[in-house]
Each structure stands twice: as C-alpha cells, then as structure tokens.
Amino acid sequence: MFAIRNIGTKTFRLCRNLAQKNVANLSTSTDTINRSLYNFSDEEVQLKETVGRLAREKIEPKVREMEQQGDVLPEIRQLMFDNGLMGIEIPEEYGGSGLNFFSSIIAIEEFAKVDSVIGGLVDLQNTVVNTLLLHNGSKELLDKYCPRLAKDMIGSFCLSESSSGSDAFAMRTSASKNGDYYTINGNKLWISNSKHAGVFFVMANVNPSLGYKGITCFVVDRDTPGLTIGKNEDKLGLLASSTCAVHFDDVKVHEKNILGKIGQGYKYAISILNEGRIGIGAQMIGLAQGCFDKTIAYTRERQQFGQRIFDFQGMQHQISHVATQLEAARLLVYNAARLKEAGKPFIKEAAMAKYFASEVACQTTSKCIDWMGGVGYTKDYPIEKYYRDCKVGTIYEGTSNIQLNTIAKLIDAEFK
Amino acid sequence: MSLRILVGCKRAIDYAVKIQVKSDLSGVVTEGVKHALNPFDEIAMEEAVRLKEKKLANEVIAVSCGPAQSQDVLRTALALGADKAFHVEVPAKEYETLQPIHVSKILAKLAEQEKVDLIILGKQAIDDDCNQTGQMTAAVLNWPQATFASKLQLKDKEATCEREIDGGLETISIKLPAVVTADLRLNTPRYATLPNIMKAKKKPLKKFSPKDLGVDITPRQEIVKVCEPPKRQGGGKVASTEELVERIKKLGVN
C-alpha cells in the first residue's frame, strides 16, 4: 500500500518534466517560422511559463484543502489579483495587464491543469465579466469598475433563473422604472463566484411585453440594499467554486448603471457567451491534460505481470486515442481563440471547441480512472477530482445540445 | 544613496529536467531541453529589485552572455523588475567553451562602463556549478566581495553581509563598489506579474559582442569527456556490528 504512495510523489515530479519539455518547443527565439497553432508570442510564452509555475508551486498544494473547505482560500484569491490574472485584458491605464484574449486562454488552461476551480475563476472574470464591461460600458462605468476588477474585486454574471436555463430569454427578473432609478425584483440561480463577488452584472427585463427585447444589463454593487446571496449549491464537483442563488428584493439601481443600452441585454449576453465558450473550452482541455499527465506518469511506473502497465498494447491504444482527441480539442480551442483575436467570424468554431473539449474532458477523465485502477477511485489521488469536476463542462455556458443547435444554424446559413 | 546595480543572468537548463549525456560524450543534451533563468540568479535579481523598491538603488541592469536564446532570460529579468538588459552575444559554438574567467572580464568591463556600484550574481550556475564568476569579477575589478550571501544590508556606501560558510554564519562589512553572490536563503523570488511581462516589452535591450568589450573569449580549457556518474551499486546487509567491522577491514578501509 505504501509502495503505491511512494510512486505518487515521484510520478508527479516526472510529469513536471513532461510538461516542461513541451513548453521548450514554443519559444520563438529560433530562426524557423512556426505557423502551427502552437506559435505563441514572446509574452504568451512567458505568461504560460509564469502561470504554469505559479499554479504548480502555489495552488497545487492547496487544491484538496480548498475542495474540502468548499471555498477558494483568500490568499489564493489575493495571489490571482496580485499577479494581474484577474484583469488580463483590462487596459494598463486601469491597472490591468493589457494583454490579449489568447493570454486569457493560456492562463485558464494552465490553471485548469491544476484545479479547474481556479481555471473557472480566471475564465469567468476575464472572458465574461471583464469583456462584458469593456465592450459595452460607458466611460463612467469603466472608470469606476475596471480598476477594481483588476485589483481586488470579483465580478459575477447573473443570467440564469430557476425557470430559465437554456431558455435564457424566458427570464422573470424584472426592472421597473421610477424616475432615474430602476427597481429590480427576481431571483437568479446558479451564479458562479457569487459568494465573494463585489459587483453583479444582472440581466433583467424592463418591459416583459417586448419579450427578450426588454432584457437590459444592470451593474449592481453587492452592498445595494435588497440584494442577498442565497444558498451555495451542494454540487458533484467544482466544490470550491461558489454557485449561489442571488435574490433581488426591490433593489434600486440608478440608470447610469445600465450597461450599454436598454433592451440590448440579450445581444450582450449572446455575444459574451460566444466568447466565453472558448474560455470554457480552455478550462476543459486544461483539466483533461492535467488529469492525463498525472495518469500517464503513473502507468509508466506501475507494474503488473512483470511489465509497466503502459506497455500493454491494449493500454497504448486507449492512451493514444485519448491523446489524439485531446490534441484535436486543444487545436479547436486555440483556433477559435485566434480567429476571435483576428476579428474573423468565430461563433461556429467557438461552439465546436466548447462542445468537443467538454465531451473529450469527460472521456479523458473516465479513461484515466480506468488506467489508474483502484487508486484512481480514491481521494488519495487527484484523478477522481478531475472526473467529478469535468461533468459540468457539457452543461454550463451553453449545454452540448445548445452548441450543436448553434453549429447547425451556422452551417445552414453557410449554404444560403 | 542611489546605487546602480548589475545583475548576472545565466540561461541554464531548468532544475527539474532529467539531464542526459550526449552519445558522443562531448557534453549534455541541450537541444529542445527546457532552459530557465539560473535559480541563484533569480535570487540575485529579487535582491536587486527589492533594493530598488526600498529606494536604495535607482537602476538595475540585467546582463546575460550567450547565444540568441539568452534573450529569453533577459526578458524574464526585465519582467521581474530590471530597468534595462544587456545581451553579450556569444555564438553557440563558442558558448560551449565560455568559462567564468571570460564572463568575469565581460562583467567587469560592463560594470566600469556603466559606473555600477554593486554587482549581484548568483553564487553558482546549476549547470556547471563553478562558483567562480563572482570571485573572479571582484578580483578583476579589485573590488571587495561578499560571497554566499544570505542577508544583505546597505547603508551609505557600505554593505553588511551575512555569509553562509562551512562553520556557520559569518557577518562581514564591505565598502562599495563591491560584488555580492547570492545564496539560496537570501530571499524568495517573486513571480513575474502579467502587467510586468507587458511592461518588459518596452524596456531597452542592448546587444554587445565580447570584442566590443575588448574581451578575448578564446577557450583556455578543452572538454575531454562528459559522462554519467557510475551507477550506484546496491549495498549489502550485515547481521552484527562485528561483521560490519570485518567487512570494512576486508575492503582495506581503516
């Protein structure tokens, strides 16, 4: 029994070697032109190395503890802010890191390799909350919230309700006008990072008779009277990530806190989810890769019937298949990200990336437990956590079925 | 007191990599292998940046000698807080035979040119473990040196340094300009924050050649052979102390 534990510590050192070899090939300080999707700018390479190190050295030792506590440790949250990871694309004049979209993707992937909760925290803040504000906020809102989001404040995006998930526009939360104030009433559900969020981007309908064309995005401070954070869902995975109900009881918001234009909220939501999808894709490939790396290291050590279990042909075929799927998923994510950065159409590719990456992550983690055998089923090893964490990937930010609908619609349009 | 500090940054094979010897026994495999800033140089950089933050220094210059890839560690140094970087370009073939004696002359020349008050180097590089560059640089410049530093305090033009030596800890006081080499416990280096990685892009990086600095890098040593240490033989078990003594006597050890 103890011999197995001894393999554990050594294998994780070994899998660090594997991860590092791959990064060496990414450096652009060579003479050959690299047009593969693994062509990163110097800043992106530096970012990947720095974030990878930070994740392994600072976050990995705390992952189990955070899961058991059901919360991200305050010092880890602070670490993310101090290293500029919560304001990756926020411009430097607001105290952000001023980097590009792909940098967010790299950061999300590197963190998810270690803990998809942290990957998720970085994903939502950067690809959903910050982007929503940067694309649609008035100068006043940008001046007020960008510095905070970069420095010390977590933001939450409130769209879903108990009776509106995929059917987001069926939301019931309303906002009625009183002079230059709006009064918001309703209940949002499944709101990630809500436990520690300081600001909420709330979708509410100012005129239900207009249907979805009345949906408006309000920026609501946490301490606004009438806003209460409800219970944290008791989930299968992502246990350290808060997923609470957020209740709005006569919450008064000034009209200058409307993000963008009245009645355009639905557009902003769709737009943000199209981009956020790529972020989830990155979270899923990171999760799958982190799980895979640890598992392969184990299979190269564990012996049965006088040989490494990695050497059995049956194992090799399964491993190669999963590795190929994972590579394909990564390329879909990277490609969608680069298309978006280039200002090219990317919605179909983003939907494909999220759909494929989340499905691949589920397959990968399941096979990894098989390959680990009995120990994969125990909490002594990190593998089972990846298995539980990945399941939500096919559900949140647009279920797999919704992604497939989106892809089909776009295919149809291509043939017009 | 506003000091100018020069920090040596060597690009060495990453500490976590499993080293492999080349099949022709001429050296270790470096192609495609992960490299990084030498960990002791990271500690040296951290110390320099902290002195700048304490307003005791106003400029930190990072220097690296090596082929084009050395610019990677200079970019890291800039992201950690250096103000400017110097790349002394040494082609790959000549880099294989570059020795501390050459590097110390290069650093000395740059220190004089830039009117530097303090040179902080890592105590040794983790690839060659020479532990010579700091000492030689001080000798070339005829400056005082404080090696294996685990604590550094500056006041006026004097540095008080706690050194880790074989017998324990030794505290010495030296006058600036001086050379200090960083040991493991001097500090815990920071991570490069994302905003700093972006800011590093705008910081100046200047290239030199050893010839520009009047340093001759002709090798004075020839590497004859590089091989792995002999494989560790298994030990044996003995039943009693007497048997142990018998065995030791038989091996000819007194």
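**Focus: the sheet that holds strand S8 (residues 158-165) of chain B**
All names here are of chain B. Spatially, the nine strands line up as an open sheet ordered S9-S8-S7-S10-S6-S1-S4-S5-S11, and their pairing is mixed. Bordering the open sheet on either side are strand S9 (168-175) and strand S11 (205-208), each of which pairs with just one other strand. Sheet twist, expressed as the average angle between the axes of neighbouring strands with direction ignored, equals 30°. As paired strands, strand S1 (residues 3-8) and strand S4 (residues 57-66) are joined by six bridges and run parallel to one another. Pairing of Leu3 across the sheet is with Ala57, part of S4.

**With respect to the layout of surface pockets**
All names here are of chain A. Its volume calculated, the second largest pocket comes out at about 1500 Å³. Going through the elements one at a time, helix H6 (116-136), strand S1 (154-158), strand S3 (181-192), helix H8 (265-299) and helix H12 (400-414) are the ones with two or more residues in the lining of the second largest pocket. Residue contributions to the lining of the second largest pocket peak at eight residues, all from H6. In terms of residue class, the lining of the second largest pocket is built from 23 nonpolar, 18 polar and eight charged.

**Remarks on the packing of helix H4 (residues 74-82) of chain A against H6 of chain A**
All names here are of chain A. Two numbers describe how H4 lies on H6: the axes approach to 12 Å, and their chain directions differ by 45°. Accordingly, the angle class assigned to the pair H4 and H6 is oblique. Judged by the twist between their axes, the crossing of H4 over H6 is right-handed. Where H4 approaches H6, its residues Ile76, Arg77, Met80 and Phe81 are matched on the opposing element by Ile118, Leu121, Val122 and Gln125. For the contact of H4 with H6, the per-class residue count stands at six nonpolar, one polar and one charged.

**A look at the packing of helix H5 (residues 101-114) of chain A against H6 of chain A**
Residues and elements named next belong to chain A. Look at H5 against H6: their axes get within 6 Å of each other, and the N-to-C directions meet at 160°. Comparing the axis directions of H5 and H6 gives the class roughly antiparallel. As H5 packs across H6, the resulting crossing turns out to be left-handed. Only Ser116, Ile118, Gly119, Val122, Asp123, Asn126 and Thr127 of H6 make contact with H5, whose side of the interface consists of Phe101, Ser104, Ala107, Ile108, Phe111, Ala112 and Val114. Tallied by class, the residues present in the contact of H5 with H6 amount to eight nonpolar, five polar and one charged.

**Considering a nonpolar patch on the surface**
A contiguous nonpolar patch, built from Phe169, Tyr212 and Ile270 of chain A and spanning about 250 Å² of accessible area, is present on the exposed surface. Note that Ile270 of chain A resides in helix H8.

**A look at the confidence of the model for chain B**
Predicted confidence across chain B gives a mean pLDDT of 94, with 99% of residues reaching 70 or more. For this predicted complex, the interface confidence reaches an ipTM of 0.79, while the overall pTM sits at 0.88.

**Regarding helix H4 (residues 100-113) of chain B**
Residue and element names in this part refer to chain B. Across its 14 residues, H4 extends 20 Å between first and last C-alpha, which sits within 8% of the 20 Å expected from 1.5 Å per residue. Considered for burial, the residues of H4 that qualify are Pro100, His102, Val103, Ser104, Ile106, Leu107, Ala108, Leu110 and Ala111. Looking at the residues trailing H4, positive phi occurs at Lys115, about 50°.

**Thoughts on the pairing of S3 of chain A**
Residues and elements named next belong to chain A. Where strand S2 (residues 174-178) lies against S3, five bridges are found, and the strand directions are antiparallel. Along S3, the bridge assignment pairs Ser176 with Thr183. With antiparallel pairing between neighbouring strands as the criterion, S2 and S3 make up a hairpin whose turn holds two residues, including Gly179 at a positive phi of roughly 65°. Sheet topology places S3 next to strand S7 (residues 243-254); nine bridges connect them, and they run antiparallel. Paired with Ser192 across the two strands is Thr243, which belongs to S7.

**Description of the packing of aromatic side chains**
For any two aromatic rings, the description comes down to two numbers: the centre-to-centre distance and the angle of the planes. Residue and element names in this part refer to chain A. Inspection of every chain in the model, using the stated rule, returns 12 aromatic pairs over all chains. Centre to centre, the rings of Phe102 and Tyr334 are 5.1 Å apart; their planes meet at 70°, and the pair counts as edge-to-face. Separated by 232 residues along the polypeptide, Phe102 in helix H5 and Tyr334 in helix H9 (residues 313-341) bring together distant segments of the chain. Each member of the pair, Phe102 together with Tyr334, is buried.

**Topic: the side chain of Ser104 of chain A**
Here Ser104 of chain A shows up in helix H5. Once residues within four sequence positions are removed from consideration, Ser104 of chain A is found in contact with Ile88, Glu89, Asn126 and Thr127 of chain A.

**Looking at empty space enclosed by the protein**
All names here are of chain A. Per the counting criterion, the structure on display carries three cavities of 30 Å³ or more. In this structure, the largest cavity occupies an estimated 80 Å³ of space. The wall of the largest cavity is formed by Asp71, Val72, Arg77, Val117, Leu121, Ile154, Asn193, His196, Ala240, Ser241 and Ser242. Each residue belonging to the lining of the largest cavity can be placed in one class, and the counts come to five nonpolar, four polar and two charged.

**A few points about the interface of chain B and chain A**
Contact residues are listed per partner, giving 24 residues for chain B and 30 residues for chain A. Contact between chain B and chain A buries roughly 2300 Å² in total, counting both sides, with carbon and sulfur atoms accounting for 53%. Taken as a group, Lys34, Tyr191 and Leu194 of chain B account for 33% of the area that chain B buries against chain A, more than any other trio of residues on that side. The tally of links from chain B across to chain A stands at five salt bridges. With its nearest N and O atoms 3.7 Å apart, the salt bridge here joins Asp42 of chain A to Arg75 of chain B.

Calculation rules
- Residues numbered from 1 in each chain as written.
- Chains lettered and ligands numbered in written order.
- Predicted model: local features only at pLDDT ≥ 70, side-chain atom pairs only at ≥ 80, totals over all residues.
- Heavy atoms only, no water.
- Pairing = 2+ DSSP bridges.
- Helix = DSSP H or I, 4+ residues; strand = E, 2+ residues; numbered from the N terminus.
- Axes fitted to C-alpha atoms, helices over the stretch in contact; angles between N-to-C directions.
- 1 Å grid on protein atoms, 1.4 Å probe; cavity = no way out; pocket = protein on both sides within 12 Å on 5 of 7 lines; lining within 4 Å.
- Points joined across faces, edges and corners; volume = space filled by probe spheres on them.
- Nonpolar A, V, L, I, M, F, W, Y, C, P; charged D, E, K, R; others polar.
- Parallel < 35°, antiparallel > 145°, perpendicular 65-115°, else oblique.
- Left-handed = near helix turned anticlockwise from the far one by under 90°.
- Contact = heavy atoms within 4.5 Å.
- Patch = residues over 30% accessible without salt bridge, like charges linked within 9 Å, V, L, I, M, F, W, Y side chains within 5 Å.
- Areas by Shrake-Rupley, 256 points an atom, 1.4 Å probe, with all protein chains shown as cover.
- Salt bridge = Lys/Arg side-chain N within 4 Å of Asp/Glu carboxyl O.
- pLDDT = per-residue confidence, 0-100.
- Expected span 1.5 Å × (residues − 1).
- Buried < 20%, exposed > 50% of the residue type's maximum accessible area, 1.4 Å probe, protein only.
- Phe/Tyr/Trp six-rings, centres within 6.5 Å; stacked < 30°, edge-to-face > 60°.
- Buried area = accessible area lost by both parts, 1.4 Å probe.

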